[in-house]
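# Chains, contacts and geometry: an overview
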Amino acid sequence: MSDLLERLRGRGWRMTSQRRVVAEVFDGDHVHLTADEVLARAAERLPEISRATVYNALGELVSLGEITEVSTDGRAKRYDPNAHHPHQHLVCSGCGTIRDVHPAGNPLADLPTEERFGFAVSGVEVTYRGLCPSCA
């Protein structure tokens with residue numbers, strides 16, 4: 001059983017066959033899928049799964065903090081299963097491909113105190129943009 005499925009069971013998430021298939025889509029290769037891509041992969045395993053069921057399951061997984069939504073440049077939201085490991089994103093401005101990156105250092109520490117305007121900063125999101133090898 002995958003780590004995600006184990007965590008969901010431990011949290012008491014009701015594991016219907018449809019929810020299980022959506023969670024299983026995030027096993028294996030670490031990719032950032034759109035809801036339609038999740039639906040297509042889930043339908044390969046469970047052809048009767050509906051679009052509404054996939055969207056509802058994704059919303060619940062985001063609410064639980066098990067996956068994160070990644071929005072870039074007005075494109076379709078993508079879902080990142082790497083929610084439990086701090087990382088940044090590298091986004092292709094051409095095709096929209098997203099990759100996780102782990103730069104050295106702490107980006108939060110790079111924000112000078114005078115630029116925090118009294119905020120108690122608790123997190124930071126950094127997105128690197130450029131062209132992937134296929135688009136360059």
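Note: the structure precedes this text.
Now for a description of the structure that goes with this document.

Scoring rules and cut-offs
- Residues numbered from 1 in each chain as written.
- Predicted model: local features only at pLDDT ≥ 70, side-chain atom pairs only at ≥ 80, totals over all residues.
- Heavy atoms only, no water.
- Pairing = 2+ DSSP bridges.
- Helix = DSSP H or I, 4+ residues; strand = E, 2+ residues; numbered from the N terminus.
- Polar contact = N/O pair within 3.5 Å; in protein donor to acceptor, adjacent residues only side chain to side chain.
- Salt bridge = Lys/Arg side-chain N within 4 Å of Asp/Glu carboxyl O.
- Buried < 20%, exposed > 50% of the residue type's maximum accessible area, 1.4 Å probe, protein only.
- Arc of directions from axis to C-beta.
- Contact = heavy atoms within 4.5 Å.

Attention now moves to the sheet that holds strand β3 (residues 78-80). Strand order across the open sheet formed by 3 strands is β1-β3-β2, with antiparallel pairing between neighbours. Edge positions in the sheet fall to β1 (33-34) and β2 (68-70), since each of these pairs with one other strand and no more. Bridging between β1 and β3 involves 2 bridges; their strand directions are antiparallel. If you follow Thr34 over to β3, its bridge partner there is Arg78.

This part is about the side chain of Arg19. Note that Arg19 resides in helix α2 (residues 17-25). In terms of polar contacts, Arg19 uses its side chain to reach the backbone carbonyl oxygen of Arg14, at 2.9 Å.

One pass over the structure, following the stated rule, counts 8 salt bridges. Note that Arg19 and Glu60 form a salt bridge whose closest N and O atoms lie 2.5 Å from each other. Note that Arg19 is positioned in helix α2 and Glu60 in helix α4 (residues 51-63), a separation of 41 residues in sequence. Of the residues examined, Arg19 reaches a relative accessible area of 15% and is grouped as buried. For Glu60, a relative accessible area of 28% corresponds to the partly exposed category. In this structure, Glu24 engages Arg45 in a salt bridge whose closest nitrogen and oxygen atoms are separated by 3.5 Å. With a gap of 21 residues between them, Glu24 in helix α2 and Arg45 in helix α3 (residues 35-45) connect regions that are remote in the sequence.

Buried within helix α1 (residues 3-10) we find Leu4, Leu5 and Leu8. Looking down the long axis of α1, one finds its buried residues gathered within 95° of arc, a one-sided arrangement. Those residues of α1 that are exposed and angled more than 90 degrees off the buried face are Asp3 and Gly10. Among the structural elements, α2 and α4 are those in contact with the buried residues of α1.

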